Amino acid sequence: MNRQVTMIQLLELICIRHMRRIPLIAGNWKMYKTTPEAKEFIVALSDATASTQRRIFLAAPFTAIEGAVEAAKGTKISIGGQNMHDQLEGAYTGEISARMLKANGASFVILGHSERRQYFGETNALIHRKLLLALKEELTPILCIGELAHERESGDYLKILNLQLKECLQSLNAAQVSQVIIAYEPVWAIGTGKTATPEIAQAIHRFIRNWIEESHGIDCAEQVCLIYGGSVKPDGIASLMQQTDIDGVLVGGASLEVKSFAQIVNY
Ligand code: PGA
């Protein structure tokens, strides 16, 4: 009897923990959309997703953040940035700080996207500093990790992911890690049309959750939101979201059109 009660309690606990992780559909607009385009998109998206219970994030270009925030007022859509500097202010021509993002109404920021790592030389150490600053400034970080095609082919991908997690999350405590959204974005799947199969994506999300459980404990691992990114399209979304450890998606190309992004939100 006692044992039965314990099992029921355990199941309830698992359900409560799972419910805490509300599905998240995040769009990354990259270097697309002017302010008027962003505003028009948000009005249409908000209409097309009026009944959703899912969280919707849109990472806008810096110049469109303020207008996007204005257009998103009173909707379920949160606006964020795609990058930030690792210092709060200073002589860094062309850069944007966490404080500026925050002042313009951003609530989250993408850090360590593979395009930043590949084209702008961002390292795990730099991303770690940005992560600490984003948390301090109360911006929710979306930390991107993922292996290159040759790293997957050589079988070294878990080593790479382990290193990215270790170096980016070093020194963060459990309370901090549970606020980080981690996006697994295999670089070979970004913008290529080659989505990871739901099984591959689930295996890596499980790996990440286990990694967090070992480093920061089970509560932290159950709370942390893990999302998949890389050629997510409306037709593949349902099978990805069915996976136990996938809490959401980060969408590039398919977030540029209201129709496809709304289909992903409403899957
Ligand atoms: P994609 O981009 O959906 O176009 O592959 C994903 C991303 O870069 O976050």
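Residues numbered from 1 in each chain as written. Predicted model: local features only at pLDDT ≥ 70, side-chain atom pairs only at ≥ 80, totals over all residues. Heavy atoms only, no water.

A. Seen up close, the pairing of strand β2 (residues 55–59). Taken across its five residues, β2 has four buried, putting it largely inside the fold. Note: strand β1 (residues 24–28) against β2, five bridges, orientation parallel. For isoleucine 25, the partnering residue across the bridge sits in β2 and is isoleucine 56. Taking the sense of rotation as the criterion, the β-α-β connection linking β1, helix α2 (residues 35–48) and β2 turns out right-handed. Relative to strand β3 (residues 77–81), β2 runs parallel, the two sharing four bridges. (Buried < 20%, exposed > 50% of the residue type's maximum accessible area, 1.4 Å probe, protein only. Helix = DSSP H or I, 4+ residues; strand = E, 2+ residues; numbered from the N terminus. Pairing = 2+ DSSP bridges. Right-handed = clockwise from strand over helix to strand, strands pointing away.)

B. Representation of the pattern of salt bridges in the model. Applying the stated criterion across every chain, the model contains 12 salt bridges. The partner of arginine 116 in a salt bridge is glutamate 122, and the shortest N-O contact between them spans 3.0 Å. An identical accessibility class is assigned to arginine 116 and glutamate 122; each is buried. Between lysine 130 and glutamate 122 there is a salt bridge, with the nearest N and O atoms lying 2.9 Å from each other. (Salt bridge = Lys/Arg side-chain N within 4 Å of Asp/Glu carboxyl O.)

C. Summary view of the site of the ligand. As a structural note, the neighbourhood of the ligand is formed by 14 residues, with Lys30, His113, Glu185, Gly191 and Ser231 the closest of them. Between the ligand and the protein, one listed contact pairs an oxygen atom with a side-chain N or O atom of glutamate 185 at 2.7 Å. Serine 231 has a polar backbone atom sitting 2.7 Å from an oxygen atom of the ligand. Considered on its own, the ligand offers 280 Å² of accessible surface; in the complex 97% of this is hidden by protein. Each residue belonging to the shell around the ligand can be placed in one class, and the counts come to five nonpolar, seven polar and two charged. (Near = heavy atom within 4 Å. Polar contact = N/O pair within 3.5 Å; in protein donor to acceptor, adjacent residues only side chain to side chain. Areas by Shrake-Rupley, 256 points an atom, 1.4 Å probe, with all protein chains shown as cover. Nonpolar A, V, L, I, M, F, W, Y, C, P; charged D, E, K, R; others polar.)

D. Representation of helix α3 (residues 62–72) in the model. Residues of α3 that are buried: Ala64, Ile65, Gly67, Ala68 and Ala72. Among the structural elements, α2, β3 and α4 (98–103) are those in contact with the buried residues of α3. Remark: glycine 74 follows α3 within two positions and exhibits a positive phi of approximately 80°. (Contact = heavy atoms within 4.5 Å.)

E. How the structure looks around the packing of α2 against helix α13 (residues 258–265). At a minimum axis separation of 10 Å, α2 and α13 run at an interaxial angle of 35°. Considering how the two elements wind past one another, α2 and α13 form a crossing that is right-handed. Listed contacts from α13 to Phe41, Ala44, Leu45 and Ala48 of α2 are Val258, Phe261 and Ala262. Considered class by class, the residues forming the contact of α2 with α13 number seven nonpolar, no polar and no charged. (Axes fitted to C-alpha atoms, helices over the stretch in contact; angles between N-to-C directions. Left-handed = near helix turned anticlockwise from the far one by under 90°.)

F. Examining the packing of α2 against α3 more closely. It is at 8 Å that the axes of α2 and α3 come closest, and there the two elements cross at 25°. What the angle tells us is that α2 and α3 run roughly parallel. Helix-helix and strand crossings are classified by hand; for α2 and α3 the assignment is right-handed. Here α2 contributes Thr35, Ala38, Lys39 and Ile42 to the contact with α3, which in turn contributes Thr63, Ala64, Gly67, Ala68, Glu70, Ala71 and Ala72. (Parallel < 35°, antiparallel > 145°, perpendicular 65-115°, else oblique.)

G. Representation of unusual backbone geometry within the structure. For lysine 33, which is not glycine, the phi dihedral falls at a positive 90°. Mapping lysine 33 onto the fold places it in the loop between β1 and α2. Notably, glutamate 138 is not glycine yet its phi reads approximately 60°, a positive angle. Note that glutamate 138 resides in the loop between α6 (124–136) and β5 (140–145).

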